[in-house]
Amino acid sequence: MFSRSKLILAAGSIALSALAAAGCSAGAQPEAQRPADAPQQVQPLQSGSSEQASTFQAPVSTDKPDIRAGVHGNEERVVFDFSGLKGVDGIKVMKHELNEQAPVWGGSGEPVEGITGKAFLHIYVEVADPERRTAGPESFDQRLARSAVVNDNSHGTGELTIGLAQSVDYEVLVEGEKVIVNMAAGPLGR
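Before going into details, it helps to say that this report is about the structure given with it. (Residues numbered from 1 in each chain as written. Predicted model: local features only at pLDDT ≥ 70, side-chain atom pairs only at ≥ 80, totals over all residues. Heavy atoms only, no water.)

### Re the overall build of the chain
Secondary structure summary: the chain contains 2 helices and 9 strands in total. Seen in sequence order, the chain has helices and strands lined up from the N terminus as α-α-β-β-β-β-β-β-β-β-β. Of all 190 residues assigned to the chain, the portion counted as buried reaches 29%. Put simply, of all contacts in the chain between residues at least 6 apart along the chain, 60% involve residues at least 24 apart. (Helix = DSSP H or I, 4+ residues; strand = E, 2+ residues; numbered from the N terminus. Buried < 20%, exposed > 50% of the residue type's maximum accessible area, 1.4 Å probe, protein only. Contact = heavy atoms within 4.5 Å.)

Set out below in structure tokens:
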């Protein structure tokens, strides 16, 4: 009986190998012919010479909030963009305040190095980010907005901070998973 089990196992293995070699083509459709100018399939990267290995660059991870700034007329804008991050589902501004207190990293209370400014706009948000991602600080070459950071993102809340050259008039808007801050040295033109 023991040798019969081995015989059945061996026959089954041979049958599976034959199916795999044939490509399990029962009922398969023939591959359509591609026009001559159609793109070719991408071939997987093969390990080989050191020349091939040195030209390969791994993609840069962008799985963190994006912080960017720009100028629109007499106003400046800073955008904290959480859209496209895996697992993020919504942002809600809880409160914001402008003061001279530099931000700290939430868990440790250590100062955020690299954020510059004389005044700081702190924006507290509810953010559904299970990975608790931070970003920055990013530096800007702008008259008002000098730097920004996502410095405390934990337990469903986050702090977004903008380092400013001076006190500003500002508004905070939410569009999807983006927090948009418009600011001006004088009153906003609204």
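We are not done yet, so read on.
### Remarks on unusual backbone geometry
In this model, Gly-136 is joined to Pro-137 through a cis peptide bond whose omega is 10 degrees. Assignment of secondary structure puts Pro-137 in strand S5 (residues 135–139).

### Regarding the nonpolar core
Counting 27 residues, the largest nonpolar core has Phe-80, Ile-162 and Met-183 as its most contacted members. Residue assignment for this core shows that the elements contributing at least two residues are strand S2 (75–81), strand S4 (119–127), strand S6 (145–154), strand S7 (157–164), strand S8 (169–175) and strand S9 (178–184). The biggest single contributor to this core is S4, with 5 residues. The contacts of Phe-80, once residues within four sequence positions are left out, are Asp-66, Ile-67, Ile-123, Ala-148, Val-149, Val-150, Leu-160, Thr-161, Ile-162, Glu-177, Lys-178 and Val-179. (Core = buried A, V, L, I, M, F, W, Y, C linked by side-chain atoms within 4.5 Å.)

### Focus: the pairing of S4
In terms of burial, S4 is largely enclosed, as 8 of its 9 residues are buried. The sheet contact formed by strand S3 (residues 91–99) and S4 spans 8 bridges and is antiparallel. Along S4, the bridge assignment pairs Val-93 with Val-125. (Pairing = 2+ DSSP bridges.)

### Here we look at the environment of Ser-139
Along the polypeptide, Ser-139 turns up in strand S5. Residues Ser-139 and Ile-67 lie 72 residues apart in sequence; the distance between their C-alpha atoms is 9.6 Å. Excluding its chain neighbours within four sequence positions, the residues that come into contact with Ser-139 are Gly-114, Arg-146 and Ser-147.

### Quick notes on the sheet that holds S2
Here 4 strands make up an open sheet; going across it, the order is S1-S2-S9-S8 and the pairing antiparallel. Two strands in the sheet have a free side with no partner beyond their single neighbour: strand S1 (66–72) and S8. Across the sheet, the axes of successive neighbouring strands diverge by a mean angle of 15 degrees, strand direction being ignored. Of the pairings in the sheet, the one linking S8 to S9 comprises 7 bridges and is antiparallel in character. The residue of S9 that forms the bridge with Leu-173 is Ile-180. (Axes fitted to C-alpha atoms, helices over the stretch in contact; angles between N-to-C directions.)

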